[in-house]
Protein chains: 2
Amino acid sequence: MRKFEDVAVPEVAMRRILEAARLAPSSSNLQCWEVYWARDKGRREAFNEACLSQPAASTAAELVFFVSRPDLWRRNVEKLAAEFAGGAGASYYADVLPGIMASFSEAELSEWAVKSCALAAAQFMLAVGAEGLDSCPMEGLDPDRVRELLGLPKEAGIAMAVAVGKGRPEGVYGPRFRFPSESQVFEV
Amino acid sequence: MRKFEDVAVPEVAMRRILEAARLAPSSSNLQCWEVYWARDKGRREAFNEACLSQPAASTAAELVFFVSRPDLWRRNVEKLAAEFAGGAGASYYADVLPGIMASFSEAELSEWAVKSCALAAAQFMLAVGAEGLDSCPMEGLDPDRVRELLGLPKEAGIAMAVAVGKGRPEGVYGPRFRFPSESQVFEV
């Protein structure tokens with residue numbers, strides 16, 4: 001959906017949608033992702049521009065950014081180790097996981113984090129649909145500018161922006177297309 | 001869910017679930033991902049072992065592998081350019097997209113492909129739930145062995161395995177935990 005009606009999204013709906021994202025599966029429960037909800041009306045135009053002024057961004061009632069945070073894995077391992085101390089999983093989080101994570105290269109960490117971030121973004125978009133609303137994921141954006149606007153370090157990956165609102169009929173530009181099942185699904 | 005009942009998953013349910021994955025959002029509709037459904041009973045044990053013999057793999061009725069294929073972007077750009085020729089989006093696919101994709105480094109391509117792959121995996125897992133079934137995503141696997149078993153080149157990323165079946169009560173090992181909303185969602 002690339003064009004939205006000038007209609008507000010109820011805050012309670014946005015909070016349910018964000019909660020669906022928070023509960024997404026996450027590798028070792030590390031949740032090295034964040035979502036930034038661009039609510040401040042005074043800053044919204046800057047965020048739209050960082051999305052290259054795509055109509056999906058500039059016409060949407062709400063705009064969020066899914067951000068992967070490979071740089072936060074140590075902090076989150078420590079949080080999980082503290083949370084699970086003395087219970088099921090304690091030794092995994094305290095003894096095993098730090099070694100696994102430390103063995104990743106920078107590129108591997110970055111790819112690992114974006115994977116869980118995308119799982120959350122997908123749950124977010126399906127929750128948007130469940131509210132009777134429409135969304136548009138956008139990877140075409142200026143990641144340096146988004147990081148600057150959000151005050152994030154260079155290690156933070158701007159995985160995608162997602163526009164949310166009530167879609168317009170003309171917001172679907174052409175026929176929707178997917179490759180046939182035979183080119184995506186293989187039985188082995 | 002880490003342990004499953006010894007109960008079959010109806011083939012028709014698996015096909016609906018795989019179809020939900022196929023329709024996932026995909027960056028520029030390039031769909032540089034594949035899913036391999038390990039159906040051959042004679043090879044299943046080898047796939048379980050490639051998942052490090054985790055109970056989630058060895059007890060599950062069905063097992064699939066989500067694979068990112070950054071190496072297939074040129075082929076898929078050409079398929080889209082052919083599909084959209086003469087219609088809306090024709091010049092994007094024929095003239096703009098090849099240049100965007102060619103500008104990506106190998107690491108960027110890899111991360112880009114796994115992102116769309118994870119969107120499909122998330123839709124897959126939510127579709128599993130919609131069928132009244134349970135799933136377990138597994139990133140703890142031997143990617144070289146999975147590539148070998150699937151006959152895939154080294155550029156193929158084994159994003160995750162997903163086990164599917166009817167979960168057992170004891171298959172949830174401990175309390176489910178997510179960081180609070182304040183550490184994941186930021187209003188800016």
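Everything numeric here is computed off the predicted structure, so don't read it as measured data. (Residues numbered from 1 in each chain as written. Chains lettered and ligands numbered in written order. Predicted model: local features only at pLDDT ≥ 70, side-chain atom pairs only at ≥ 80, totals over all residues. Heavy atoms only, no water.)

*Asks:* Lay out the relation of the copies chain B and chain A with the relevant residues and their values.
*Replies:* Take chain B, turn it by 180°, move it 0.0 Å along the axis, and it overlays chain A with an RMSD of 0.0 Å. On the angle and the small slide along the axis, the relation comes out as a two-fold axis. The share of interface residues of chain B whose copies in chain A are also at the interface is 100%, consistent with both copies meeting through the same surface. (Least-squares fit on C-alpha atoms with pLDDT ≥ 70 in both. Contact = heavy atoms within 4.5 Å.)

*Asks:* Requested: an account of the pairing of strand β2 (residues 62-68) of chain B, with residues and values cited.
*Replies:* Residue and element names in this part refer to chain B. The buried fraction of β2 is high, at 7 of 7 residues. Side chains Glu62, Val64, Phe66 and Ser68 project from β2 onto one buried face, and the interleaved Leu63, Phe65 and Val67 project onto a second face that is buried too. In the sheet, strand β1 (residues 33-37) pairs with β2 via 5 bridges, with the strands oriented antiparallel. Bridge pairing links Tyr36 to Phe65 in β2. Relative to strand β4 (residues 157-165), β2 is paired through 7 bridges, and the arrangement is antiparallel. (Buried < 20%, exposed > 50% of the residue type's maximum accessible area, 1.4 Å probe, protein only. Helix = DSSP H or I, 4+ residues; strand = E, 2+ residues; numbered from the N terminus. Pairing = 2+ DSSP bridges.)

*Asks:* Tell me about the packing of aromatic side chains, residues and numbers included.
*Replies:* Scanning the model with the defined rule gives 18 aromatic pairs over all chains in all. Summarising the aromatic geometry, the rings of Phe177(A) and Phe84(B) are spaced 5.9 Å apart at their centres and angled 85° between planes, so their arrangement reads as edge-to-face. One end of the pair, Phe177(A), is in the loop between β4 (157-165) and β5 (185-187); the other, Phe84(B), is in helix α4 (residues 73-84), on a second chain. For Phe84(B), a relative accessible area of 11% corresponds to the buried category. Seen from their ring centres, Phe66(B) and Phe124(B) are 5.3 Å apart, and the 75° between their planes marks the pair as edge-to-face. You can see Phe66(B) sitting in strand β2 and its partner Phe124(B) sitting in helix α6 (residues 106-130), a full 58 residues away along the chain. You can call Phe124(B) buried: its relative accessible area is 0%. Its guanidinium or amino end placed over the ring of Trp37(A), Arg39(A) lies 4.1 Å from that ring's centre, counting from NZ or CZ. One residue, Lys79(B), lies across the ring of Phe179(A), its end atom 4.3 Å from the ring centre. (Phe/Tyr/Trp six-rings, centres within 6.5 Å; stacked < 30°, edge-to-face > 60°. Lys NZ or Arg CZ within 6 Å of the ring centre and 35° of its normal.)

*Asks:* Give me the lowdown on the pattern of salt bridges, citing residues and values where you can.
*Replies:* A complete count under the given rule lists 26 salt bridges over all chains for this structure. Where Asp144(A) meets Arg147(A), a salt bridge forms, and the shortest distance between an N and an O atom there is 2.9 Å. Taken together, the positions of Asp144(A) and Arg147(A), both in helix α7 (residues 143-150) and 3 residues apart, correspond to about one turn of that helix. What makes Asp144(A) exposed here is its relative accessible area of 51%. Taken together, the shared-partner salt bridges connect Glu11(A), Arg15(A), Arg39(A) and Glu187(B) into one network. (Salt bridge = Lys/Arg side-chain N within 4 Å of Asp/Glu carboxyl O.)

*Asks:* Would you mind going over helix α7 (residues 143-150) of chain B in detail, with residue names and values included?
*Replies:* Residue and element names in this part refer to chain B. Listing the buried residues of α7 in full gives Val146, Arg147, Leu149 and Leu150. One face of α7 carries all of its buried residues, which in axial projection span an arc of 165°. Those residues of α7 that are exposed and angled more than 90 degrees off the buried face are Asp144 and Glu148. Elements in contact with the buried residues of α7: β1, α2 (41-50), β2 and β4. (Arc of directions from axis to C-beta.)

*Asks:* Help me get a handle on the packing of helix α4 (residues 73-84) of chain A against helix α5 (residues 90-102) of chain A, residues and values and all.
*Replies:* Residue and element names in this part refer to chain A. Interhelical geometry of α4 versus α5 gives an angle of 165° and a closest axis separation of 8 Å. Classified by the angle their axes make, α4 and α5 are roughly antiparallel. By crossing handedness, the relation of α4 to α5 is classed as right-handed. Mapping the contact onto sequence places Trp73, Val77, Leu80, Ala81 and Phe84 in α4 and Ala90, Tyr93, Ala94, Leu97, Pro98, Met101 and Ala102 in α5. Tallied by class, the residues present in the contact of α4 with α5 amount to 12 nonpolar, no polar and no charged. (Axes fitted to C-alpha atoms, helices over the stretch in contact; angles between N-to-C directions. Parallel < 35°, antiparallel > 145°, perpendicular 65-115°, else oblique. Left-handed = near helix turned anticlockwise from the far one by under 90°. Nonpolar A, V, L, I, M, F, W, Y, C, P; charged D, E, K, R; others polar.)

*Asks:* With reference to specific residues and values, describe the side chain of Gln123(A).
*Replies:* All names here are of chain A. Residue position: Gln123 is located in helix α6 (residues 106-130). Judged by relative accessible area, Gln123 falls into the buried class, the value being 13%. Among the polar contacts listed, one links the side chain of Gln123 to the backbone oxygen of Ala20, at a separation of 2.9 Å. (Polar contact = N/O pair within 3.5 Å; in protein donor to acceptor, adjacent residues only side chain to side chain.)

*Asks:* Give me the lowdown on the sheet that holds β5(A), citing residues and values where you can.
*Replies:* Strands sit in the order β5(A)-β1(B)-β2(B)-β4(B)-β3(B) across an open sheet of 5 strands; the sheet is mixed. Of all strands in the sheet, those bounded by a partner on one side alone are β5 of chain A together with β3 (134-138) of chain B. Taken pair by pair, the neighbouring strands of this sheet meet at an average axis angle of 20°, ignoring direction.

*Asks:* Please give an account of the interface of chain B and chain A that cites residues and values.
*Replies:* Size of an interface, as often reported, equals the accessible area lost when the parts are brought together. Taken together, the contact between chain B and chain A spans 59 residues of the former and 59 residues of the latter. With both chains or domains summed, chain B and chain A bury close to 5,200 Å², and 61% of this area falls on carbon and sulfur atoms. Interface area lost by chain B to chain A is led by Arg178(B), Phe179(B) and Val188(B), which between them contribute 17%. Summed over the shared surface of chain B and chain A, the number is 6 salt bridges. (Buried area = accessible area lost by both parts, 1.4 Å probe.)

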